[in-house]
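Structural overview for review
Each chain is listed here by its residues.
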Amino acid sequence: MIEIKNLSKVYSTNGKDVVALKDINLTISDGEIYGIMGLSGAGKSSLIRCINMLEKPTSGSILINGVEMTKLKPKELRNMRKKIGMIFQHFNLLMNSTVYENIAFPLKISKVNDSVIKKRVDELLDVVDLKDKKYAYPSQLSGGQKQRVGIARALANNPAIILSDEATSALDPTTTESILNLLKNINKQYGITIVVITHEMSVIRNLCDKVAVLEDGRIIEEGNVIDIFSNPSTETSKRFLKDMIAELPPDILLDDENPNEEILRLSFFGNSSNQPVISHMIKNFDVEVNIISGNIERVQNSQVGNLLIKISGKESSIKDAIKFLENNGLRIEVLKNGIV
Amino acid sequence: MVSSNTLQYLLNLWQLMEEPLWESLYMVFFSTLFSVIIGMPLGIILVITDKGHIKENLKLNQILGTVINVMRSVPFIILIIAIFPLARLIVGTTIGPTAAIVPLSIAAAPFVARVIESSLKEVDWGVIEASISVGASLLQIIFKVMIPESLPSLVLGITLTVINILGYSAMAGAIGGGGLGDLAIRYGYQRFQTDVLIATIIVLIIFVEIVQRIGNYLSKKVDKR
Ligand SMILES: Nc1ncnc2c1ncn2[C@@H]1O[C@H](COP(=O)(O)OP(=O)(O)OP(=O)(O)O)[C@@H](O)[C@H]1O
Ligand SMILES: [Mg+2]
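Just so we're clear, the structure is a prediction, and the values are computed from it rather than from any experiment.

1. A few points about the pattern of salt bridges
Where charged atoms of side chains with opposite charge meet at close range, the side chains can pair. All names here are of chain A. This model, assessed by the stated rule, comprises 14 salt bridges over all chains. The partner of glutamate 55 in a salt bridge is lysine 9, and the shortest N-O contact between them spans 3.9 Å. Of this pair, glutamate 55 sits in the loop between helix H1 (44-51) and strand S4 (59-64) while lysine 9 sits in strand S1 (residues 2-13), placing them 46 residues apart in sequence. By relative accessible area, glutamate 55 is classed as buried at 16%. Judged by its relative accessible area of 8%, lysine 9 is buried. Across the pair aspartate 227 and arginine 331 runs a salt bridge whose closest N-O atoms are separated by 3.8 Å. With aspartate 227 in helix H8 (residues 225-230) and arginine 331 in strand S14 (residues 331-334), the pair connects residues that are 104 residues apart, well separated along the chain. On the accessibility criterion, aspartate 227 (29% relative accessible area) is partly exposed. According to the relative accessible area criterion, arginine 331 is partly exposed, its value standing at 26%.

So this is what it looks like as structure tokens:
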């Protein structure tokens, strides 16, 4: 378990202070895939790098399985790091070493004996599906293959945790998908906790159980991916979800003051998408519904649907209809000023 | 047909040059070896004590940098004269190639330090961070990451050092160090035997060419980037 308490990070360069993280509190349970998203400069890298002390926190504490990371002696910290793998956006492989040597590197560092290393590297090559590249050099590999080497290296010491800083940002969508699947399998098979940083919505959607949204060094939203997908409460998360949520075309923008017309965003997930809730609503209440846009996405293993409707009728009927929808497990948002 | 006179002439020339050539090779080899032994740790310290590096120590970095700069700005011939007395202390004599190795090594060490520094600085910081993240210690990072990763550039740097030391060794010859430099001065300069001077220069050119080619070849060979 990773417990981050009141974590702050301030960078001082040339007498100027940059506050990268402010009072972060976060708990990541064992076996979770935890996403951290946010815009550029939000502090994502700073946060993940504090977990293995690549950056020293300015204040606050980081407990990994009860061990206070900020108070470790150098040697203890090095031993702790052996149990925390890390993968990087630009792979950071030893360019003058073969795939084999790159994967063996953490084991050599840990002074594991050679015959054990040989066996372990072969296992890992199998896991990341790179057996035929054992003696290749990184310069002879594609980006996706390089990242597989990076993942194998991170796995070498049987870590309890893997930290991933934009591991797929340098890869094309197909390769990204295969890397995400690999991470997912690793998580399932070995129960390794994975902390993923990304600015790509698809990574969160396809991989993560939970997500925290960072903005200006603060966590502004945190929870299950499904909840946040179906009902983002902050502008940042909404901006991330833009690809899922239709933006209102200007010609259907309406007068916010008019009580007889509203634009609603309905979010439904799980079972509610199988029931004819909307048609029940139209039958039972004296309202008219015009569907503007809609979509359904799979998030993890659930469906998340978003539907934009224009509802018109008497003010009281609209209110009752909204209540009805809420009682049926839908999340409703009344849109103002056409902002989705 | 080459006349027997010409052959005899070349043979004489070779006999004249053979010993100084070996002396030069001996001086260059050991001076390179010792200057690398002294300069390499200094170069490593320059890099790792720099701002934001694995053992940041700006004070040490600055002092070392200044000392190296001062030593490098003293003309070699002055340095060599100043250091020659030290040779008596270390090798028991101040003349001959063995004595010359002492000032040559010391004079070339700051150069080597800078060459090594610039090679090691090329190592991608991301790779160093990756090794920190797997729990590598300071020495492991230096010897298992920084040096192997910069090997091609280190090889070229040492090649450059060898060639530089060859040049220095010719100057050492001027003040009793022996070797080809000594020969060129004694025969070519003092006795006006231009042919010996030219022959020496040709040998030096060939030597430089061979060293550079070997250096380039080895550097390419260890470069898998
Ligand atoms: N080493 C550093 N020295 C000074 N300031 C830094 C340093 N690293 C990060 N910062 C600053 O801290 C803030 C957060 O940076 P961070 O790299 O954590 O953001 P990020 O969310 O990872 O951004 P990106 O998506 O662009 O990678 C930024 O304002 C950045 O300029
Ligand atoms: Mg970042």
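Having put the structure on the table, let's press on.
2. Some remarks on the nonpolar core
Among the nonpolar cores identified, the biggest contains 55 residues, and Ile4(A), Leu47(A), Ile64(A) and Met146(B) are the most heavily contacted of them. By size, the runner-up hydrophobic cluster in this structure holds 48 residues, among which are Leu93(A), Ala154(A), Leu155(A) and Ile226(A).

3. Let's talk about the interface of chain B and chain A
Across the contact, 22 residues belong to chain B and 24 residues belong to chain A. Summing the contributions of chain B and of chain A, the shared interface buries around 1900 Å²; its carbon and sulfur component is 59%. Summed over the shared surface of chain B and chain A, the result is 1 salt bridge. Glu129(B) is paired through a salt bridge with Arg49(A); the nearest N and O atoms lie 2.5 Å apart. Remark: the boundary between chain B and chain A carries 8 residue pairs in polar contact (both at pLDDT 80 or more). At the level of elements, helix H5 (125-133) and helix H6 (138-149) of chain B are the ones that each hand at least two residues to the side of chain B that touches chain A. By residue number, the principal contributor to the side of chain B that touches chain A is H5(B), which donates 7 residues.

4. Some remarks on the domain arrangement of chain A
A common way to report how large an interface is uses the accessible area buried once the components associate. Residues and elements named next belong to chain A. When cut into domains, chain A gives domain 1 (2-232) and domain 2 (261-335). Computed from C-alpha atoms alone, the centre-to-centre distance between domain 1 and domain 2 is 39 Å. On the side of domain 2, 12 residues touch domain 1, which itself brings 13 residues to the contact. A buried area of about 990 Å², summed over both sides, lies between domain 1 and domain 2, and 50% of it is on carbon and sulfur atoms. On the domain 1 side of the interface with domain 2, the three residues burying the most area are Arg205, Ile226 and Ser230, jointly 55% of the side's total. Inspection of the domain 1/domain 2 interface yields 1 salt bridge.

What counts as what
- Residues numbered from 1 in each chain as written.
- Chains lettered and ligands numbered in written order.
- Predicted model: local features only at pLDDT ≥ 70, side-chain atom pairs only at ≥ 80, totals over all residues.
- Heavy atoms only, no water.
- Salt bridge = Lys/Arg side-chain N within 4 Å of Asp/Glu carboxyl O.
- Helix = DSSP H or I, 4+ residues; strand = E, 2+ residues; numbered from the N terminus.
- Buried < 20%, exposed > 50% of the residue type's maximum accessible area, 1.4 Å probe, protein only.
- Core = buried A, V, L, I, M, F, W, Y, C linked by side-chain atoms within 4.5 Å.
- Contact = heavy atoms within 4.5 Å.
- Buried area = accessible area lost by both parts, 1.4 Å probe.
- Polar contact = N/O pair within 3.5 Å; in protein donor to acceptor, adjacent residues only side chain to side chain.
- Domains from an automatic or database assignment.

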